[in-house]
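# Structural description and commentary
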Amino acid sequence: MFPTLTLGPLVIPTAPLTVLIGLWVALAAVERAARVLELDVNQTYGLATTGIIAGFVGARLAFVGLHWPAYQDNLLGILWPINSGYHLLGGLVAGGLALVYVGRWRRLPAARTLDALTPGVVTGLIFVSLADFLGGPGYGDPTTLPWGISLFGIRRHPVQVYEIAVGLAALAVWAGSLPPRGRDGRLLLSTTATYALGRLLVDAYRANAPLTAEGYHTVQIASLAVALIALILIARQAAAATSGDDQR
């Protein structure tokens, strides 16, 4: 839609610029969440920063690994340019592993820390969708609905806008589900379930979604699995809380 932003002689690609702004907003969201949940703000902010750096490196290395023939004769290309060539899943895995390791090393309360990191992760995903909308390759199925956008000469579903709406709904659930003490982890689970269920529905309208060999949307499969796990854990947590109340 808007792949570049022209400022005088400068031509700035909007996708990486949007992601950079998103990282700043995501860290601000983590900082605010840490204050709300009465965590050590500096420790939590530092943990989030470590996860972002590890995710950035992991996403780049995963992309290079998947496209190694294009880099084996140009090793400098692994480091530059840095405004393209990242694998989202690789970044999420690397960032997640870094969070687990550093969080355990610093002996941070696991469940509540994950609750504080959740709005930062969702905010980051919102900006990834915005970057995809502005200058990325994603596009939706053809539609005749009035809110469709014209792309490649065809009116299509604005799937990235749908994804942003899902992210905002997930953040609203986080803000509206602040639990009493003793229910740490509920914010993570309820927000994750909301986002995963939303992506399960939204990805059905993406025209260039990655597919399995049988033709199923991989994002939908992953979203369904994540949503079911989150809902099961919510049910178990609620059952444990009810049992504890009965014993008292």
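Remember, it's a predicted structure, so these values are computed and weren't measured experimentally.

### Examining the overall build of the chain
Scanning the chain for helices and strands turns up 7 helices and 4 strands. Starting at the N terminus and ending at the C terminus, the chain contains elements arranged as β-β-α-α-α-α-β-β-α-α-α. Dimensions along the principal axes, computed over C-alpha positions, put the chain at roughly 65 × 45 × 40 Å. For the chain, the residues scored as buried account for 37% of the 248 residues in total. Accessible surface for the chain amounts to roughly 14400 Å². Of this, 69% is attributable to carbon and sulfur atoms. Looking at the chain, you have 16 positive and 13 negative side-chain charges, and the mean spots of the two groups are 5 Å apart.

### A look at the pairing of strand S1 (residues 4-7)
As defined by bridge partners, S1 adjoins strand S2 (residues 10-13) across 4 bridges and the pair is classed as antiparallel. Bridging from a neighbouring strand, Thr 6 pairs with Val 11 of S2. Where S1 folds back on S2, the antiparallel hairpin that results is connected by 2 residues, among which Gly 8 adopts a positive phi of roughly 65°.

### Details of the packing of helix H4 (residues 110-135) against helix H6 (residues 186-202)
Packing of H4 against H6 leaves a shortest axis separation of 8 Å and a crossing angle of 25°. Classified by the interaxial angle, the pair formed by H4 and H6 is roughly parallel. Where H4 crosses over H6, the handedness of that crossing is left-handed. On the side of H4, the interface is formed by Leu 114, Asp 115, Thr 118, Val 122 and Leu 125, while H6 contributes Arg 186, Leu 187, Leu 188, Thr 191 and Tyr 195. Considered class by class, the residues forming the contact of H4 with H6 number 6 nonpolar, 2 polar and 2 charged.

### Some words on helix H1 (residues 14-36)
Between its first and last C-alpha, H1 extends 33 Å over 23 residues, near the 33 Å set by a 1.5 Å rise per residue. All buried positions along H1 are accounted for by Thr 14, Thr 18, Gly 22, Ala 26, Leu 27, Ala 29, Val 30, Ala 33 and Ala 34. Summarising the contacts, the buried residues of H1 are in contact with S1, S2, helix H2 (41-66), H4 and helix H5 (159-176). Of the residues trailing H1, Glu 38 is marked for its positive phi of about 60°.

### Details of the pattern of salt bridges
If you walk through the whole model with that rule in mind, you get 6 salt bridges. Arg 35 serves as the salt-bridge partner of Glu 31, at 3.2 Å between the closest nitrogen and oxygen. Placement of both Glu 31 and Arg 35 in helix H1 is noted, with a separation of 4 residues, approximately one turn of the helix. A relative accessible area of 53% means that Arg 35 is categorised as exposed. The partner of Asp 184 in a salt bridge is Arg 112, with the nearest N and O atoms 3.4 Å apart. With Asp 184 in the loop between H5 and H6 and Arg 112 in helix H4, this pair connects stretches of sequence that are 72 residues apart. Since its relative accessible area comes to 15%, Arg 112 is described here as buried. Salt bridges sharing common partners tie together Asp 132, Glu 163, Arg 199, Asp 203 and Arg 206.

Conventions we followed
Residues numbered from 1 in each chain as written. Predicted model: local features only at pLDDT ≥ 70, side-chain atom pairs only at ≥ 80, totals over all residues. Heavy atoms only, no water. Helix = DSSP H or I, 4+ residues; strand = E, 2+ residues; numbered from the N terminus. Buried < 20%, exposed > 50% of the residue type's maximum accessible area, 1.4 Å probe, protein only. Areas by Shrake-Rupley, 256 points an atom, 1.4 Å probe, with all protein chains shown as cover. Lys, Arg positive; Asp, Glu negative; His and termini not counted. Charge placed at Lys NZ, Arg CZ, Asp CG, Glu CD. Pairing = 2+ DSSP bridges. Axes fitted to C-alpha atoms, helices over the stretch in contact; angles between N-to-C directions. Parallel < 35°, antiparallel > 145°, perpendicular 65-115°, else oblique. Left-handed = near helix turned anticlockwise from the far one by under 90°. Contact = heavy atoms within 4.5 Å. Nonpolar A, V, L, I, M, F, W, Y, C, P; charged D, E, K, R; others polar. Expected span 1.5 Å × (residues − 1). Salt bridge = Lys/Arg side-chain N within 4 Å of Asp/Glu carboxyl O.

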